[in-house]
Amino acid sequence: MTIRPPFRTGLLFAVLASAAVWAQAQSIVMSSTTSTEQSGLFAHLLPAFKKASGIDIKVVALGTGQALDMARRGDADVVFVHDQAAEEKFVADGFGLKRQPVMYNDFVLIGPKADPAGTKGKDVLAALAKVSARNAAFVSRGDKSGTHAAELRYWTLANLASGKGGAYRECGCGMGPALNMAASQGAYVLADRGTWLNFKNRADLVVLVEGDQRLFNQYGVMVVNPAKHPHVKQAEAQKFVDWVTSAAGQANIADYKIGGEQLFFPNAGK
């Protein structure tokens, strides 16, 4: 007859339960944009963060508006998006602790190589005016993303908020699907450069408008406020914010390239 110490099973259960709790604590949820996900940045960035911290991050990629809404509901621990006005309102409303700039790239106007609307150049507002005047096909994300917000801002600045042309279509989709639609329809589309560089199904699409200062695209990161949602893993989320804005995290962002071209430019603390 084998005699087992009476405490062993209970001790094993306690150890396993403790390990499960620790593993859960070492994982956080980040709501972010389709541009950071579809550009391939997170596949490059997050393994380096896990190596440095031991923390896993589950990314839910949405348009910026939806990513912020997800955080408002308490369904994320940290937010990484690109619509500064919306981010500042998120913090002012008490849902985020502090907005910190992380990196930037730029938006570009993509369209058919033949450029039927004659948009090619540096002035995005003049280009949109030509798209409108010639009723050229234009695919809008229409998803309240940072890219969609920027696009609507440009139409407004061009005094064309209600005059985008008869072939303007909203897809209610992410950046990759919007580019696919533009490729299949020979349409114009505003895109972030990172997703464009990682996009393979280009057909005859090319970059037609770039270099306009209004096309600057800033990204920010925020820890969700635990005062609104006590279950938020503030300590772990803050570790990510601290790392991605540190010299190591910023260098990791700068190191991400496709075909030798850098996709994002770190600018934390600037």
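Attention in this report is confined to the structure presented alongside it. These figures come from a predicted structure and were not determined experimentally. (Residues numbered from 1 in each chain as written. Predicted model: local features only at pLDDT ≥ 70, side-chain atom pairs only at ≥ 80, totals over all residues. Heavy atoms only, no water.)

### Quick notes on the overall build of the protein
At step 1: A count of helical and extended segments in the protein gives 11 helices and 12 strands.
At step 2: Expressed along its principal axes, the backbone C-alpha trace of the protein runs to roughly 90 × 40 × 35 Å.
At step 3: Here the protein, with 270 residues, has 48% of them falling under the buried criterion.
At step 4: A separation threshold of at least 6 residues defines the contact pool for the protein, and within that pool the share at least 24 residues apart is 76%. (Helix = DSSP H or I, 4+ residues; strand = E, 2+ residues; numbered from the N terminus. Buried < 20%, exposed > 50% of the residue type's maximum accessible area, 1.4 Å probe, protein only. Contact = heavy atoms within 4.5 Å.)

### Things to note about the nonpolar core
At step 1: Ranked by size, the top nonpolar core spans 42 residues in total, and within it F80, I110, F240 and V244 carry the most contacts.
At step 2: Look past the residues within four positions of I110 in its chain and what remains in contact with it is L179, A187, Y188, V189, A191, W196, L205, V206, V207 and L208.
At step 3: Counting residues in hydrophobic clusters, the runner-up holds 21 residues, among them V124, L128, L160 and L190. (Core = buried A, V, L, I, M, F, W, Y, C linked by side-chain atoms within 4.5 Å.)

### Some remarks on the state of the cysteines
At step 1: Taken as a whole, this structure holds 1 disulfide when the rule is applied.
At step 2: Each sulfur in the disulfide pair C171 and C173 lies 1.9 Å from the other. On the sign convention where negative means left-handed, the S-S torsion of about -80° between C171 and C173 marks this disulfide as left-handed.
At step 3: With a relative accessible area of 22%, C171 lands in the partly exposed category. (Disulfide = S-S within 2.5 Å.)

### A short note on helix α3 (residues 41-53)
At step 1: In a regular helix each residue adds 1.5 Å, so 13 residues correspond to 18 Å; α3 covers 18 Å between its end C-alpha atoms and thus fits that length.
At step 2: Those residues of α3 that fall on the buried side of the exposure criterion are L41, F42, L45, L46 and F49. Seen along its axis, α3 keeps its buried residues to an arc of 95°; they face one direction. In α3, the exposed residues that point more than 90 degrees away from the buried face are A43 and K51.
At step 3: Phi turns positive one or two residues past the end of α3, at G54, with a value near 80°. (Expected span 1.5 Å × (residues − 1). Arc of directions from axis to C-beta.)

### A few points about the environment of F107
At step 1: Here F107 is to be found in strand β4 (residues 100-112).
At step 2: The spacing of F107 and G194 is 87 residues in sequence and 8.8 Å in space, taken between C-alpha atoms.

### What to know about the packing of α3 against helix α11 (residues 247-255)
At step 1: Relative orientation of the contacting elements α3 and α11 amounts to 155°, with a least axis distance of 9 Å. Considering the angle they form, α3 stands roughly antiparallel to α11. In the packing of α3 onto α11, the handedness of the crossing is right-handed. Counted together, H44, L45 and A48 of α3 and G249, N252, I253 and D255 of α11 form the full contact between these two elements.
At step 2: Its residues placed into classes, the contact of α3 with α11 shows 3 nonpolar, 3 polar and 1 charged. (Axes fitted to C-alpha atoms, helices over the stretch in contact; angles between N-to-C directions. Parallel < 35°, antiparallel > 145°, perpendicular 65-115°, else oblique. Left-handed = near helix turned anticlockwise from the far one by under 90°. Nonpolar A, V, L, I, M, F, W, Y, C, P; charged D, E, K, R; others polar.)

### Some thoughts on the packing of aromatic side chains
At step 1: Scanning the entire structure with this criterion turns up 13 aromatic pairs.
At step 2: With a centroid separation of 5.8 Å and 85° between ring planes, the pair formed by W155 and Y168 is classed as edge-to-face. You can see W155 sitting in helix α7 (residues 146-157) and its partner Y168 sitting in strand β6 (residues 168-170), a full 13 residues away along the chain.
At step 3: Under the relative-accessibility criterion, W155 is labelled buried at 0%.
At step 4: Residue Y168 is classed as buried on the basis of its relative accessible area of 13%.
At step 5: Geometry around Y168 places K164 over its ring, the cationic atom sitting 5.3 Å from the centre.
At step 6: K228 extends its terminal NZ or CZ atom over the ring of F95, reaching a point 4.7 Å from the ring centre. (Phe/Tyr/Trp six-rings, centres within 6.5 Å; stacked < 30°, edge-to-face > 60°. Lys NZ or Arg CZ within 6 Å of the ring centre and 35° of its normal.)

### Quick look at the environment of L68
At step 1: Relative to the helices and strands, L68 is located in helix α4 (residues 64-72).
At step 2: A C-alpha to C-alpha distance of 27 Å links L68 and Q262, two positions 194 residues apart in sequence.
At step 3: Excluding residues within four positions of it along the chain, L68 makes contact with V79, V81, A86, E87, F90 and M222.

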